[in-house]
Protein chains: 2
Amino acid sequence: MIIRSSCPIDFETDGKQVDFIRIPRSDDVSSAGSFLIPIACIRNGSGPTLLFTGGNHGDEFEGPLVLGNLLRELQPEQISGRVIIMPYMNAPAVAKGTRCSPIDGKNLNRIFPGNEAGTITQTIASYIARELIPLVDAVYDLHAGGRSRKLIPSIMTHYLADKDLEQRTFEAALAFGAPVTIKIEEHDTNGMFDEAVENAGKIFCCAELGGAQTVSTETLRIAREGVYNALRYFDLIEGDPHPAGWHRWNGVRSIQLPDESYFSYAMHDGLYEPLYDLGDEISPGDGLGRVHFTQEPERSPVMIRAKQAGILFSRHSFGLVKAGDDVAAVAKVL
Amino acid sequence: MIIRSSCPIDFETDGKQVDFIRIPRSDDVSSAGSFLIPIACIRNGSGPTLLFTGGNHGDEFEGPLVLGNLLRELQPEQISGRVIIMPYMNAPAVAKGTRCSPIDGKNLNRIFPGNEAGTITQTIASYIARELIPLVDAVYDLHAGGRSRKLIPSIMTHYLADKDLEQRTFEAALAFGAPVTIKIEEHDTNGMFDEAVENAGKIFCCAELGGAQTVSTETLRIAREGVYNALRYFDLIEGDPHPAGWHRWNGVRSIQLPDESYFSYAMHDGLYEPLYDLGDEISPGDGLGRVHFTQEPERSPVMIRAKQAGILFSRHSFGLVKAGDDVAAVAKVL
């Protein structure tokens, strides 16, 4: 089997190592060299191993900012166990602020377990799947809504065939302390980082911290507290996890998105006028937002209605909307 | 003089007319035809003329949404006077969600008074300067922060050589009822719509309603109430203007950005971590935000500090920042 990716870090050594995963390149930009993907290992004796990842999508910024800070400030003497940090997983995408790689156009979160003989993004996935997933007890992958979506700062887990893993995962997610903790049936799991970790029998928690290609001081605070809560929950540092709080409520609410009827889609291209904010109470039939037609100024906008009762968990955020866009998820509060 | 732009609307007739400005095109997409820019005239007897414009920049969405709604709902019998509405001034840019025109790459707000023999964007400016500015008493141009900036929902006016016009403009802006009303010395006025209207001796108010290529129910509400407040202030409809309110405070605060020292700039490319929210109190020396270096994960982020005391009026919102970006404006509260 071909192995092209490499990293100088020895994950079995105590101390702090900050380095880069190297992926050989030879292309129109560099005749010979490597792509460099930052990674850190901070280890002190025995204990659990947590992997924190940010920048899986390059248009989601809380993970890169908060994990960059964690990488610099966390010292081996502060922990018992091992913390691996990849603040900019898809570093070329983060550098451009794009969801997919500007090098090969691929979405890192759709190509796991990767391919060592493939493109750069496939090779990043391959390195993580081969070298890191076997080492870890749990992964916290920090996302946000990307260019076109905003969500209540939250942490997601999946319904799993292994019910014991499902339960342990949900408890590790609750400990993160986000305003909402979610269990979800994904529509499009093929090639997700999530599935690669879950299939290895490990805990995978996906934080969704904000969106609209921006961050706020609040989403940054929730992300930072969540990461420290995870360290506390796995006894890597002392103390008990505590909810991060949110301007709409304190504490942790548990919600579900049981099936497709909790999502609403645009059926037309146009401008999107949202009529509710994140966290608002929604009843079936409520108008969630309207699509406006700029070429036909006299035409009435088309209303998009909720099918279920719950709270508005996510909404389309970009001014333009495309037919087929998921414009709102109304979540069931447990 | 060449005149290429035209519109079937008769601005001297009572009633409601919704139509399009036509700008001839012959290019790789259409061999022969016109670009169509929506416009409406709603008139009932004598009285002042207000022009409301949205979509001057195509990545700012409150104006297009709120003025599209106004265009459909406002009827001649509701008003005394004349209302002209252009919800999607730079319609090709609004259709793509881009600041500048996707047809000719031009920023509509930098090419007034336009050029009939020029490109589409120059011709839009020319039509407005030639046909509309002479008709109006006041213009409310609805902007937002665009892709990379968020602002306190606000309305801006300028220091003017004509001090009587400056005062009448400021009062018309205050009436809009935004959380803050600003008087500002622009850095880059050449070719702005603002200047074209002010040079004609007319009132020009520039609303800045949100930003980050998104809208919220709050910024939409403030924009809508502002437009109706303007109609009330100029006695086109009955009633008195009232402040729209904001989640940080009620009422209208008056602020100034007297000189360059109230703005802070990034000096490096990187990821931007904001440390304060819009409306926060700032003291000189406060760290407003930090630029992170993704290629050098161990390098400390560079802090950007405030030089003046005041409130945080605007901040960089996009996750990436470029050297030279205006990352924060700290405004002096009067």
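Preceding this section is the structure that the text describes.
Nothing here was measured: the structure is a model prediction, and the numbers come from that model.

Cut-off values and rules
- Numbering of residues begins from 1 in every chain and follows the order in which that chain's sequence is written.
- Both sets of labels track the order of writing: A upward for chains, 1 upward for ligands.
- In keeping with the model being predicted, local features are shown solely for residues with a pLDDT of at least 70 and side-chain atom pairs are shown and tallied solely at 80 or more, while totals for entire chains, interfaces and linings include all residues.
- The side-chain figures draw on all heavy atoms in the structure; neither hydrogens nor water molecules are used.
- Put simply, DSSP marks the helices as runs of H or I at least four residues long and the strands as runs of E at least two long, and each gets a number from the N terminus on.
- Residue count minus one, scaled by 1.5 Å, sets the expected span of a helix.
- Burial classes follow relative accessibility: with a 1.4 Å probe on protein chains only, a residue under 20% of its type's maximum area counts as buried, one over 50% as exposed, and anything between as partly exposed.
- Under the rule applied, a polar contact is a pair of N or O atoms within 3.5 Å (in protein, one hydrogen donor and one hydrogen acceptor; residues adjacent in sequence only if both atoms are side-chain atoms).
- Pairing between strands is defined by DSSP: at least two bridges between them are needed.
- Working convention: axes come from line fits to C-alpha atoms, limited for helices to the stretch in contact. Angles between N-to-C directions cover 0 to 180 degrees.
- For this classification, under 35 degrees means roughly parallel, over 145 means roughly antiparallel, 65 to 115 means roughly perpendicular, and everything else is oblique.
- Each crossing gets its hand from how the near helix is turned against the far one by less than a right angle, where anticlockwise is left-handed and clockwise is right-handed.
- Contacts are assigned to residue pairs that have any heavy atoms within 4.5 Å of one another.
- Basically, the charged four are Asp, Glu, Lys and Arg, the nonpolar ten are Ala, Val, Leu, Ile, Met, Phe, Trp, Tyr, Cys and Pro, and anything else, Gly included, counts as polar.
- Once two parts are brought into contact, the accessible area they lose, counted with a 1.4 Å probe and summed over both, makes up the buried area.
- Should a side-chain nitrogen of Lys or Arg be within 4 Å of a carboxyl oxygen of Asp or Glu, the pair is scored as a salt bridge.
- When the centres of two rings from Phe, Tyr and Trp lie within 6.5 Å, Trp using its six-membered ring, the rings pair. Their planes under 30 degrees apart give stacked, over 60 give edge-to-face, and anything left gives tilted.
- Note on handedness: a crossover is taken as right-handed if, strands pointing away from the viewer, the path from the first strand over the helix to the second is clockwise.

### A look at helix α4 (residues 163-176) of chain A
All names here are of chain A.
Link 1 in the chain: The end-to-end C-alpha distance of α4 is 20 Å, a good match for the 20 Å that 14 residues give at a rise of 1.5 Å each.
Link 2 in the chain: For α4, every residue scored as buried is listed here: Leu-165, Glu-166, Thr-169, Phe-170, Ala-172, Ala-173, Ala-175 and Phe-176.
Link 3 in the chain: Capping the start of α4, Asp-162 holds a side-chain oxygen 3.1 Å from the backbone nitrogen of Asp-164, two or three residues further along.
Link 4 in the chain: Backbone geometry just downstream of α4 places Gly-177 in the positive-phi region, at approximately 80°.

### Quick look at the pairing of strand β4 (residues 81-86) of chain A
Looking along a regular strand, one sees side chains alternate from face to face of the sheet.
All names here are of chain A.
Link 1 in the chain: Within β4, six of the six residues are buried, which leaves the element mostly enclosed by the surrounding structure.
Link 2 in the chain: The side-chain alternation of β4 yields two buried faces, one formed by Gly-81, Val-83 and Ile-85 and the other by Arg-82, Ile-84 and Met-86.
Link 3 in the chain: The pairing of strand β2 (residues 33-44) with β4 spans five bridges and is antiparallel. Residue pairing in the sheet places Arg-43 in a bridge with Arg-82 of β4.
Link 4 in the chain: Strand direction decides the pairing type here: strand β3 (residues 49-54) and β4, joined by five bridges, are parallel. Residue pairing in the sheet places Leu-50 in a bridge with Val-83 of β4.

### So, the packing of helix α1 (residues 62-73) of chain B against helix α6 (residues 217-233) of chain B
Working note: a packed helix pair is described by the angle between its axes plus the distance between those axes.
Residue and element names in this part refer to chain B.
Link 1 in the chain: Interhelical geometry of α1 versus α6 gives an angle of 50° and a closest axis separation of 9 Å. The angle between α1 and α6 places the two elements in the oblique class. Considering only the axes of α1 and α6, their crossing is right-handed. In this structure, α1 uses Glu-62, Leu-65, Val-66, Leu-67, Leu-70 and Glu-73 to contact α6, whose residues at the interface are Thr-219, Leu-220, Ala-223, Arg-224, Val-227, Tyr-228 and Leu-231.
Link 2 in the chain: When the residues that make up the contact of α1 with α6 are grouped by side-chain class, the tally is nine nonpolar, one polar and three charged.

### A few points about the interface of chain A and chain B
Link 1 in the chain: Listed as interface residues are 44 residues of chain A and, on the opposing side, 44 residues of chain B.
Link 2 in the chain: The contact between chain A and chain B buries some 3,500 Å² in all, and 60% of this surface belongs to carbon and sulfur atoms.
Link 3 in the chain: Applying the counting rule to chain A against chain B returns zero salt bridges.
Link 4 in the chain: At the boundary of chain A with chain B, the tally comes to 16 residue pairs in polar contact (both at pLDDT 80 or more).
Link 5 in the chain: Every element with two or more residues in the side of chain A that touches chain B is listed here: β1 (15-25), α1 (62-73), α2 (91-96), α6 (217-233), β12 (270-274) and β14 (287-292) of chain A.
Link 6 in the chain: With five residues, α1(A) is the single largest residue contributor to the side of chain A that touches chain B.
Link 7 in the chain: Looking at the side of chain A that touches chain B residue by residue, the class counts come to 23 nonpolar, twelve polar and nine charged.

### Some thoughts on the sheet that holds strand β15 (residues 302-305) of chain B
Link 1 in the chain: One open sheet accounts for four strands, arranged β15-β14-β12-β17 (chain B); its pairing is antiparallel. Both outer strands of the open sheet, β15 and β17 (320-321) of chain B, are each paired with one neighbouring strand and no more.
Link 2 in the chain: The pairing of strand β12 (residues 270-274) of chain B with β17(B) spans two bridges and is classified as antiparallel. Each bridged residue has a counterpart across the sheet, and for B:Leu271 the counterpart in β17(B) is B:Leu320.
Link 3 in the chain: Contacting β12 and β14 (287-292) of chain B, α1(A) crosses the sheet at an angle of about 95° to β12(B).

### A closer look at the packing of aromatic side chains
Two descriptors summarise a pair of aromatic rings, namely the distance from one centre to the other and the angle between the planes of the rings.
Residue and element names in this part refer to chain B.
Link 1 in the chain: Evaluation of the coordinates by the stated rule reveals 16 aromatic pairs over all chains.
Link 2 in the chain: When the ring of Phe-52 is compared with that of Tyr-140, the centres are 5.8 Å apart and the planes differ by 25°; the resulting orientation is stacked. Taken together, the residues span a long stretch of sequence, with Phe-52 in strand β3 (residues 49-54) and Tyr-140 in strand β5 (residues 138-143) at a distance of 88 residues. The pair formed by Phe-52 and Tyr-140 is uniform in burial state, with each residue classed as buried.
Link 3 in the chain: Taken together, a centroid distance of 5.2 Å and an interplanar angle of 90° make the contact between Tyr-233 and Phe-234 edge-to-face.

### Notes on the pairing of β3(A)
Residue and element names in this part refer to chain A.
Link 1 in the chain: In terms of burial, β3 is largely enclosed, as six of its six residues are buried.
Link 2 in the chain: Alternating residues of β3 divide into Thr-49, Leu-51 and Thr-53 and Leu-50, Phe-52 and Gly-54, and every residue in both groups is buried.
Link 3 in the chain: Handedness of the crossover joining β3 and β4 through α1: right-handed.
Link 4 in the chain: Of the pairings in the sheet, the one linking β3 to strand β5 (residues 138-143) comprises five bridges and is parallel in character. In the strand pairing of β5, Leu-50 is matched with Ala-138.

### What to know about the sheet that holds β12(A)
Link 1 in the chain: If you trace the four strands from one edge of the open sheet to the other, you get β15-β14-β12-β17 (chain A), paired in antiparallel fashion. Each of the sheet's edge strands pairs with one partner strand only, and the pair in question is β15 (302-305) and β17 (320-321) of chain A.
Link 2 in the chain: Contacts from α1(B) reach β12 and β14 of chain A, with the element oriented near 95° to β12(A).

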